[in-house]
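Secondary and tertiary structure notes
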2 protein chains.
Amino acid sequence: MGERILIVDDVATNRIVLKVKLRSACYEVLQASSGHEALRMARHAAPDLILLDVMMPDLDGLSVCARLKRDPATRDIPIILITSRLDHASKLEGLNSGADDYLTKPVDENQLLARVRSLLRETNGTAELRQQGASALDLALEATPAPNDTENTIALIAPRPETGLFWRAGLAGFRGLNIRIMTRSEALSDLSASQSVPDIFVIATDLSHRNEGLRLLSDLRSRPATRHAGMMMVLPANDAERAAIALDLGAGDIIYDPFDPAEMAVRLKTQLRRKRQADRLRAGLSAGMQMATTDPLTGLFNRRYAMFQLDRLLCDISGNLAVMVIDIDHFKSVNDRFGHAAGDAILTDLALRMKSFLPDGCVIARMGGEEFLVATPVRDGSAAYHLADTLREVISGQGFVIDTMESPLTITASIGLAVAHPQNNQTAPRLIEAADAALYASKADGRNRTSLAKPA
Amino acid sequence: MGERILIVDDVATNRIVLKVKLRSACYEVLQASSGHEALRMARHAAPDLILLDVMMPDLDGLSVCARLKRDPATRDIPIILITSRLDHASKLEGLNSGADDYLTKPVDENQLLARVRSLLRETNGTAELRQQGASALDLALEATPAPNDTENTIALIAPRPETGLFWRAGLAGFRGLNIRIMTRSEALSDLSASQSVPDIFVIATDLSHRNEGLRLLSDLRSRPATRHAGMMMVLPANDAERAAIALDLGAGDIIYDPFDPAEMAVRLKTQLRRKRQADRLRAGLSAGMQMATTDPLTGLFNRRYAMFQLDRLLCDISGNLAVMVIDIDHFKSVNDRFGHAAGDAILTDLALRMKSFLPDGCVIARMGGEEFLVATPVRDGSAAYHLADTLREVISGQGFVIDTMESPLTITASIGLAVAHPQNNQTAPRLIEAADAALYASKADGRNRTSLAKPA
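Attention here is on the structure that accompanies the text. Remember, predicted model here, so these are calculated numbers, not experimental data.

**Description of the environment of Ser286(A)**
Residues and elements named next belong to chain A. One can find Ser 286 in helix α10 (residues 261-293). Residue classification places Ser 286 among the partly exposed residues on the basis of a relative accessible area of 26%. Through-space distance from the C-alpha of Ser 286 to that of Gln 398 is 37 Å; in sequence the pair is 112 residues apart.

In structure tokens form, the structure reads like this:
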């Protein structure tokens with residue numbers, strides 16, 4: 001089954017004309033002959049895109065568009081309005097109600113298909129980010145701050161300074177757009193340093209040379225700072241051929257010059273909304289990946305990542321490797337006497353204390369409950385013992401401050417230490433087992449002490 | 001700082017010519033006047049791309065290329081060979097040693113810049129995947145099976161059947177390429193269903209109509225099944241203008257017709273290598289995201305995701321919600337007597353048993369150690385109690401088989417149950433606290449029993 005496109009038109013011949021064009025590009029075509037049927041099919045047949053006639057009896061295209069964009073189940077389906085009228089106001093209303101574009105009958109096949117490709121490329125990209133993220137993405141998105149919608153920077157790149165000024169004057173009346181006029185070189189110089197990469201570039205197709213704007217579009221797409229920016233190409237009137245190329249090159253939208261600033265403004269808002277959504281998904285993906293390696297309470301590495309790192313250290317280092325297993329003494333009684341919140345505060349505080357005491361490059365992980373692991377290259381066994389036992393003193397030497405208690409609570413920890421020598425082929429599980437046995441000896445010996453495992 | 005491009009040429013005027021072209025596109029330019037200097041700079045100045053002259057005294061470009069591609073520190077830097085000779089053998093040798101393309105002097109500016117954009121777009125895309133993955137990606141990649149390099153499918157889409165057959169005959173002698181001739185419609189019909197999406201499409205620029213191949217390229221890029229496939233465009237000889245467009249449209253490589261099959265084969269191998277790398281990064285990203293929500297031992301949801309799901313259930317459901325906290329009785333003694341491996345086997349087995357007994361839609365999580373959580377909508381308190389107590393019987397009713405033991409080990413669990421009613425505004429932490437208190441009652445009451453928390 002290919003991508004499904006729903007054609008909505010009350011006139012059968014109009015549907016057939018569009019269907020022929022779409023079938024030639026191997027899309028699966030669904031048809032609805034009224035606004036109400038369109039609403040039903042959009043919900044139940046899950047089309048990937050909708051071509052929506054504006055003029056229909058009963059329920060017109062603009063109302064259908066507005067309803068689809070209000071319904072969470074259908075609002076992400078791209079909509080292209082098809083209109084036979086040159087009625088500018090209703091086109092603007094359509095864009096305002098969330099349509100992604102409009103095309104005027106008779107519909108130019110190349111432009112229609114290029115627009116369809118562009119919209120599908122975008123929704124499929126978003127769908128893929130979601131799919132990669134799977135359930136973790138929801139989790140991560142909750143932890144990712146919602147984007148700040150009030151700071152939208154739009155860069156205008158026009159062939160002549162006066163054109164840029166004219167465009168800017170037209171857009172001045174629309175709220176929420178921070179407009180900058182830029183040259184091609186300014187756009188290409190590194191923007192990441194100045195921390196003000198525009199959200200959207202509005203670029204004239206021809207700058208100093210013919211097609212220079214199209215090349216700039218590809219250029220911005222190839223550079224790290226600007227590859228995810230929105231791109232709106234401004235084309236000479238009726239240049240449908242290059243409009244199709246611009247969309248295929250990755251422009252998010254196109255508009256013909258001279259344009260109505262109100263139409264530009266509403267198109268920019270659609271682009272901004274899409275960019276925010278994609279930015280947020282990417283941020284969620286990064287946050288989710290972070291979660292895979294960390295313990296949520298302390299922010300230290302989790303057990304899984306610690307084992308992975310330990311394996312890697314055993315492969316990579318040529319010198320001695322120390323592994324400490326650290327267990328808080330009588331931690332259960334802390335939880336029982338002072339509550340879980342106090343216990344959690346101690347674990348968090350202990351994590352910070354370990355991080356600031358231990359040298360950079362140490363692997364520090366929470367293995368679960370009140371058990372921690374530290375792995376680090378060391379000169380020899382005696383240096384390892386000194387480091388571990390000083391860590392023990394750092395833990396016990398100063399009380400832990402708890403919100404609900406007047407005086408700090410003294411905590412001690414028992415430590416089991418194992419040192420791997422490069423000559424013997426140690427594995428991570430055996431090393432931890434040895435450190436565990438040493439920890440057991442520390443506990444049996446009265447706690448608050450460091451024991452060194454016997455060499456394997 | 002923009003993208004850095006290293007120009008390597010022993011003739012200063014040649015370097016200047018290239019530098020002018022690159023500076024006009026706002027790239028930062030580095031220069032090396034010998035092969036040895038190039039090797040040093042590639043390691044220390046970390047250029048994003050290298051333009052490498054082939055004919056140099058001392059150490060020639062082919063040797064430099066081969067060395068850079070062997071060194072893990074430099075092998076991911078794209079290399080374009082620049083040659084003044086029409087010596088086909090050395091071009092092929094360059095491609096074979098890992099160069100991404102060659103250009104012949106005098107270098108066409110448009111084609112040079114389009115190729116630079118295309119290569120930078122690709123390396124930046126890969127770098128971004130790595131960055132999003134952060135440290136978790138390494139972890140996930142270790143768990144992701146290495147791609148099977150022996151099954152490479154190449155689709156040839158030529159203007160006429162006999163051209164396709166001719167191309168295929170040329171490529172027949174090269175190992176590891178599974179070649180299929182396809183039509184445009186076959187490529188566009190849904191390939192995901194047949195599970196044989198080609199790794200690379202080789203497409204003639206002109207098919208039935210001029211530029212139809214270029215549109216097909218954009219079309220394949222917009223569809224989910226083929227968006228990550230490699231694309232190699234075949235252009236009429238000397239059509240540098242459309243070669244630049246093809247690269248900007250997202251072709252991974254181009255070749256001019258008629259082509260040397262050996263050159264096509266080595267270019268296909270480069271494309272395949274890149275595609276495998278990107279596929280693997282994407283798979284690693286998905287696997288890493290999966291890890292963020294799951295407990296590594298049992299594959300159940302982890303504590304973090306369980307809390308998130310519980311919050312969500314409390315917001316979404318209109319009926320009663322049951323929360324059970326399940327704790328294995330005397331689990332420490334199992335570990336002490338039979339070892340951690342036996343303990344882990346029991347936890348894993350218990351997870352499977354819970355999954356197969358509990359109804360679909362239950363949230364089942366391991367909260368840590370031997371403690372599990374189940375959350376599920378229920379009719380009422382009595383249905384919840386019945387479900388929880390039957391689960392308890394399912395756990396204790398049949399022994400757990402352990403590799404090292406002759407007879408199965410009987411395990412019991414204590415369960416604390418809390419039921420949230422829609423009218424009282426329960427929060428996830430308070431609900432778990434109530435279930436914890438009920439669990440404590442079960443333990444105090446002699447274990448292997450289910451206790452219902454008092455309504456809040």
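**Considering the relation of the copies chain B and chain A**
With an RMSD of 0.1 Å, the fit of chain B onto chain A corresponds to turning through 180° and sliding 0.0 Å along the axis. Accordingly, the operation relating the two chain copies is best matched by a two-fold axis. Closest approach to the rotation axis within chain B is made by the C-alpha atom of Ala292(B), at a distance of 1.9 Å. When you check the interface residues of chain B against chain A, 100% turn up at the interface there too, and the contact is symmetric in its surfaces.

**Focus: the interface of chain B and chain A**
Counting residues at the interface gives 55 residues for chain B and 55 residues for chain A. Both sides of the chain B and chain A interface together cover about 5,100 Å² of buried area, and 56% of this is carbon and sulfur. The largest share of the area that chain B buries against chain A comes from Gln132(B), Met289(B) and Arg304(B), three residues that together contribute 15% of it. Inspection of the region where chain B meets chain A yields four salt bridges. Between Arg227(A) and Glu128(B) there is a salt bridge; the shortest N-O distance is 3.3 Å.

**Focus: unusual backbone geometry**
Of note, the bond from Asp257(A) into Pro258(A) is cis; its omega dihedral lies within 30 degrees of zero at -5°. Cis geometry is adopted by the peptide bond preceding Pro106(B), which originates at Lys105(B) and carries an omega value of -5°. Positionally, Pro106(B) belongs in the loop between β5 (101-104) and α5 (109-143). Notably, Ala46(B) is not glycine yet its phi reads approximately 45°, a positive angle. Mapped onto the fold, Ala46(B) is located in the loop between α2 (35-44) and β3 (49-53). The backbone of Asn238(B) sits at a positive phi, close to 70°, despite the residue not being glycine. With respect to the element layout, Asn238(B) can be found in the loop between β9 (230-236) and α9 (240-248).

**Quick notes on the nonpolar core**
In terms of nonpolar packing, the biggest core is built from 86 residues, with Phe201(A), Val202(A), Phe201(B) and Val202(B) touching the most fellow members. Sequence-distant contacts of Val202(B), defined by excluding residues within four places in its chain, comprise Ile154(B), Ala155(B), Leu156(B), Ile157(B), Trp167(B), Met232(B), Val234(B), Met264(B) and Leu268(B).

**Remarks on the sheet that holds strand β6 (residues 153-157) of chain B**
All names here are of chain B. In spatial order, the strands read β7-β6-β8-β9-β10; together these five strands make up an open sheet with parallel pairing. At either end of the open sheet lies a strand with only one pairing partner, and these are β7 (178-181) and β10 (253-257). Taking each pair of neighbouring strands and ignoring which way they run, the sheet shows an average axis angle of 20°. When β6 meets strand β8 (residues 200-204), the two strands line up parallel, connected through four bridges. What sits directly across from Leu 156, in β8, is Val 202.

**Looking at the side chain of Asp199(B)**
All names here are of chain B. The residue Asp 199 is located in the loop between α7 (184-188) and β8 in this model. According to the relative accessible area criterion, Asp 199 is buried, its value standing at 8%. One polar contact links Asp 199 to Arg 276, side chain to side chain, over a distance of 3.4 Å. Ignoring any residue separated from it by four or fewer positions in sequence, one finds Asp 199 in contact with Glu 151, Asn 152, Thr 153, Ala 229, Gly 230, Leu 272, Lys 275 and Arg 276.

**Let's talk about α2(B)**
Residues and elements named next belong to chain B. Turning to α2, its buried residues number three or more, namely Gly 35, Ala 38, Leu 39, Met 41 and Ala 42. Looking at the buried side of α2, the elements it contacts are β1 (4-8), β2 (28-32), β3 and α3 (61-70). Once α2 ends, the next one or two residues include Ala 46, with phi positive near 45°.

**As for the state of the cysteines**
A complete count under the given rule lists zero disulfides over all chains for this structure. For Cys315(A), which is in no disulfide, the shortest distance to another cysteine sulfur is to Cys362(A) and amounts to 19 Å.

**A few points about the packing of aromatic side chains**
This model, assessed by the stated rule, comprises six aromatic pairs over all chains. Pairing Tyr305(A) with Phe308(A) gives two aromatic rings, centres 5.7 Å apart and planes at 35°, and the pair type is tilted. Linking Tyr305(A) with Phe308(A), this pair stays in helix α11 (residues 303-316), spanning three residues, or about one helical turn. Across the pair, exposure class does not vary: Tyr305(A) and Phe308(A) are buried alike. Geometrically, the ring pair formed by Phe301(B) and Tyr305(B) is tilted, given 4.7 Å between the ring centres and 55° between the ring planes. By the ring-pair criterion, three or more aromatic residues cluster together here, those being Phe301(A), Tyr305(A) and Phe308(A). The ring centre of Tyr27(B) lies 3.9 Å from the NZ or CZ of Arg223(A), which sits over that ring.

**Some points on the pattern of salt bridges**
Scanning all chains against the criterion turns up 62 salt bridges over all chains. Between Arg4(A) and Glu28(A) there is a salt bridge, with the nearest N and O atoms lying 3.7 Å from each other. Here Arg4(A) is found in strand β1 (residues 4-8), whereas its partner Glu28(A) is found in strand β2 (residues 28-32), with 24 residues between them in sequence. Under the relative-accessibility criterion, Arg4(A) is labelled buried at 19%. With a shortest N-O distance of 2.8 Å, Asp279(B) and Lys275(B) are connected by a salt bridge. Separated by four residues within a single helix, Asp279(B) and Lys275(B) lie in helix α10 (residues 261-293), roughly one turn from each other. When salt bridges with common partners are traced through the structure, they connect Asp101(A), Arg115(A), Asp253(A), Glu263(A) and Arg267(A) into a single cluster.

**Things to note about α3(B)**
Note that an α-helix has 3.6 residues per turn; residues three or four places apart therefore point the same way. Taken across its 10 residues, α3(B) has seven buried, putting it largely inside the fold. Two or three places before Leu62(B), at the start of α3(B), stands the capping residue Asp60(B), its side-chain oxygen 3.2 Å from that residue's backbone nitrogen.

**Regarding the environment of Ala306(A)**
Residues and elements named next belong to chain A. Mapped onto the secondary structure, Ala 306 falls in helix α11. Along the sequence, Ala 306 and Tyr 440 sit 134 residues apart, while their C-alpha atoms lie 21 Å from each other. If we ignore the near neighbours within four places in the chain, the residues touching Ala 306 are Ala 365, Met 367 and Leu 373.

Basis of the calculations
Residues numbered from 1 in each chain as written. Chains lettered and ligands numbered in written order. Predicted model: local features only at pLDDT ≥ 70, side-chain atom pairs only at ≥ 80, totals over all residues. Heavy atoms only, no water. Helix = DSSP H or I, 4+ residues; strand = E, 2+ residues; numbered from the N terminus. Buried < 20%, exposed > 50% of the residue type's maximum accessible area, 1.4 Å probe, protein only. Least-squares fit on C-alpha atoms with pLDDT ≥ 70 in both. Contact = heavy atoms within 4.5 Å. Buried area = accessible area lost by both parts, 1.4 Å probe. Salt bridge = Lys/Arg side-chain N within 4 Å of Asp/Glu carboxyl O. Core = buried A, V, L, I, M, F, W, Y, C linked by side-chain atoms within 4.5 Å. Pairing = 2+ DSSP bridges. Axes fitted to C-alpha atoms, helices over the stretch in contact; angles between N-to-C directions. Polar contact = N/O pair within 3.5 Å; in protein donor to acceptor, adjacent residues only side chain to side chain. Disulfide = S-S within 2.5 Å. Phe/Tyr/Trp six-rings, centres within 6.5 Å; stacked < 30°, edge-to-face > 60°. Lys NZ or Arg CZ within 6 Å of the ring centre and 35° of its normal.

Coordinates in, geometry out; function isn't part of it.
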